[in-house]
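Observations on the three-dimensional arrangement
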Amino acid sequence: MALEAKQVFFRYGNRQPWILKDCSLAFEKGECLAVFAPSGYGKTTLAMLLAGYLQPVKGEILLEGSPLPKSGVCPVQLICQHPEKAINPRWRLQRVLEESGNLRDDVLDAFGIEKAWLSRFPRELSGGELQRFCVARALMSGADYLICDEISTMLDVITQAQIWRVVLKEAQKRHMGILAVTHNRRLAQKIATRVLDLTASNGADAPLPASSPLAL
Amino acid sequence: MEQKNQPLLEIRDLSVSFRMYDHGLEQTDLKVISHLHLTVFPGEIVAIAGSSGSGKSLLASAILGILPRNATLRGHMRYRGEALTPQRQKQLRGTELALVPQSVAYFDPLMKVGAQADGHRRPKPTERRRQLFSRFGLPDKTEQLYPYQLSGGMARRILVSTALLPGAQLILADEPTPGMSLDQALEALRMFREMADAGKAVILITHDIDLAFEFADRVAVFYAGTTVEIAPASDFKAGPDALRHPYSKALWHALPQNGFQPIEGFQPYAGNLPQGCLFAPRCPCKTAECESKIPPIRKIRGGEVRCYHGT
């Protein structure tokens with residue numbers, strides 16, 4: 001029961017340099033893995049590979065031992081770094097949310113999404129407000145795995161704490177697996193059950209910094 | 001902090017509202033910034049912290065005069081003692097005023113980033129730009145890349161270099177650090193600090209408030225379109241007891257290293273603001289007075305606070 005990347009190689013075109021070379025990692029349902037690497041290392045590329053937005057040039061992405069399904073709602077959902085680029089600018093936000101299922105009031109309330117926002121266009125909301133829609137739509141889709149690519153860097157610290165609490169609570173309830181890409185080691189200490197530094201000896205586990213993950 | 005010389009930028013009673021369609025052809029005004037005061041002196045970094053959607057980026061747009069067309073601006077803005085009119089803004093932006101945009105969508109997608117950073121300036125500042133790129137640890141061939149080929153952190157570093165290029169007097173940095181690793185973020189802030197120490201000024205809008213406290217001179221806390229507290233950065237480092245406004249205290253407690261404990265509730269929507277203090281619905285120490293009228297700004301212990309109970 002895991003989502004794994006097995007010796008994945010990736011480059012954007014045959015003449016381009018390799019972005020990811022022989023990259024392997026695995027994480028299971030019920031765990032929250034925080035991933036570190038320097039800027040430009042290929043964290044976002046890895047996130048997109050794991051969620052099926054890109055196909056590896058060599059190697060494979062396996063969900064419970066088989067490739068990601070090609071049709072239907074993908075059980076691995078990606079939440080992107082830049083919400084303003086992840087939402088169709090010509091859709092009202094209600095349509096954005098309804099794309100992933102019926103509106104659930106509990107999710108809207110948990111993220112503090114105002115009813116008035118639903119009839120607005122994405123450019124009328126701030127980055128932090130849009131990111132709440134992105135997280136909400138990923139949770140509403142009923143995914144088993146969430147890939148969170150720096151989802152809270154756009155948010156103020158109170159909203160950051162609120163959103164992570166909702167995500168972790170929902171993840172615990174539904175036994176989801178979470179992979180969180182972040183630069184903030186203090187945040188990782190709070191949310192992750194395991195920390196992985198991609199630069200350290202080809203993806204060996206780095207010791208978890210001395211602090212226990214958030215108890216809910 | 002040089003308080004005695006003339007302020008570089010002075011904002012008094014600024015309000016920004018948006019005209020938008022409500023039902024059919026009916027239009028309403030949505031007030032997103034109200035009664036905002038902020039003064040920036042040469043030689044200082046003023047960090048702006050606060051809730052997302054509290055109007056921080058709009059303030060930057062208002063100072064530069066690049067608000068969307070349906071926005072109306074009221075209040076007074078003075079730059080070097082003279083009113084900041086639309087003509088003057090047009091002259092100053094890109095030379096004396098520079099922006100680090102919040103969104104990486106500000107890049108021209110069809111232009112290589114090196115040429116884009118150089119802009120229309122003649123002679124081309126290529127040498128200086130290369131220095132900045134290398135100081136941020138961007139490899140030499142980065143200048144030949146298109147924006148879609150950049151990672152989030154690289155894009156940010158280029159946006160910051162672009163803003164530092166013209167040698168502006170006032171930089172408005174709108175979340176310059178997300179996506180950067182810790183040392184890169186520190187390098188960016190160090191460069192802002194150097195600028196400020198050379199007598200220029202920086203308005204640093206950021207959510208990485210723990211970093212901002214280290215580098216800024218003063219911190220302005222925004223909530224729902226207005227400043228609730230302006231205090232020396234040292235007070236934020238000292239902890240919640242040195243802070244004046246309950247929202248600032250809440251920010252401090254929500255930091256991952258300080259408990260990661262959010263307060264309940266959300267910032268009120270601009271179309272549906274409470275009548276009295278904007279923070280009252282979430283405030284632990286509200287009274288009847290708070291709910292009836294907006295508290296004025298009071299000066300307490302070298303800072304300013306918009307709260308009846310701030311101490």
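The paragraphs below set out a description of the structure included in this document. Since this is a predicted model, take the numbers as computed values, not measurements. (Residues numbered from 1 in each chain as written. Chains lettered and ligands numbered in written order. Predicted model: local features only at pLDDT ≥ 70, side-chain atom pairs only at ≥ 80, totals over all residues. Heavy atoms only, no water.)

Here we take up the pattern of salt bridges. Evaluated as defined, the whole model comprises 24 salt bridges over all chains. Asp106 of chain A serves as the salt-bridge partner of Arg104 of chain A, at 3.1 Å between the closest nitrogen and oxygen. For Arg104 of chain A, a relative accessible area of 26% gives the class partly exposed. Ionic pairing is found between Arg186 of chain A and Asp210 of chain B, a salt bridge with its closest N-O pair at 3.7 Å. Note that Arg186 of chain A is positioned in helix α7 (residues 185–191) and Asp210 of chain B in helix α7 (residues 209–215), a pairing that runs across two chains. With relative accessibility at 41%, the residue Arg186 of chain A sits in the partly exposed group. (Salt bridge = Lys/Arg side-chain N within 4 Å of Asp/Glu carboxyl O. Buried < 20%, exposed > 50% of the residue type's maximum accessible area, 1.4 Å probe, protein only. Helix = DSSP H or I, 4+ residues; strand = E, 2+ residues; numbered from the N terminus.)

Glancing now at helix α4 (residues 126–135) of chain B. Side chains three or four residues apart in an α-helix point the same way, a direct result of the helix having 3.6 residues per turn. Residues and elements named next belong to chain B. Along α4, the positions that sit buried rather than exposed are Thr126, Arg129, Leu132 and Phe133. Down the axis of α4, the buried set is contained in an arc of 120°. They therefore lie on one face. Contact partners of the buried residues in α4: α3 (113–118), α5 (152–164) and α6 (182–197). Positive phi appears at Gly137, one or two residues downstream of α4, with a value of about 70°. (Arc of directions from axis to C-beta. Contact = heavy atoms within 4.5 Å.)

Another point: the interface of chain A and chain B. Taken together, the 39 residues of chain A in the interface contact 41 residues of chain B. The contact between chain A and chain B buries some 3,100 Å² in all, and 58% of this surface belongs to carbon and sulfur atoms. Run the count over chain A and chain B and you get 1 salt bridge. Linking chain A with chain B are 9 residue pairs in polar contact (both at pLDDT 80 or more). A per-element tally of the side of chain A that touches chain B places helix α6 (residues 157–174) of chain A first, with 8 residues. Residue composition of the side of chain A that touches chain B, by class: 13 nonpolar, 13 polar and 13 charged. (Buried area = accessible area lost by both parts, 1.4 Å probe. Polar contact = N/O pair within 3.5 Å; in protein donor to acceptor, adjacent residues only side chain to side chain. Nonpolar A, V, L, I, M, F, W, Y, C, P; charged D, E, K, R; others polar.)

All names here are of chain A. Two numbers describe how helix α5 (residues 127–140) lies on α6: the axes approach to 12 Å, and their chain directions differ by 5°. What the angle tells us is that α5 and α6 run roughly parallel. Seen from α5, the contacting residues are Arg132, Val135 and Leu139; seen from α6, they are Thr159, Ile163, Val166, Val167, Glu170 and Arg174. Of the residues assigned to the contact of α5 with α6, the class counts are 5 nonpolar, 1 polar and 3 charged. (Axes fitted to C-alpha atoms, helices over the stretch in contact; angles between N-to-C directions. Parallel < 35°, antiparallel > 145°, perpendicular 65-115°, else oblique.)

Moving on, we get to the sheet that holds strand β1 (residues 2–10) of chain A. Residues and elements named next belong to chain A. Read from one edge to the other, the open sheet built from 3 strands follows the order β2-β1-β4, with strand pairing classed as antiparallel. Edge positions in the sheet fall to β2 (20–28) and β4 (58–63), since each of these pairs with one other strand and no more. Looking at each pair of strands side by side, their axes are set apart by 5° on average, direction ignored. Bridging between β1 and β4 involves 5 bridges; their strand directions are antiparallel. Paired with Ala5 across the strands is Ile61, a residue of β4. (Pairing = 2+ DSSP bridges.)

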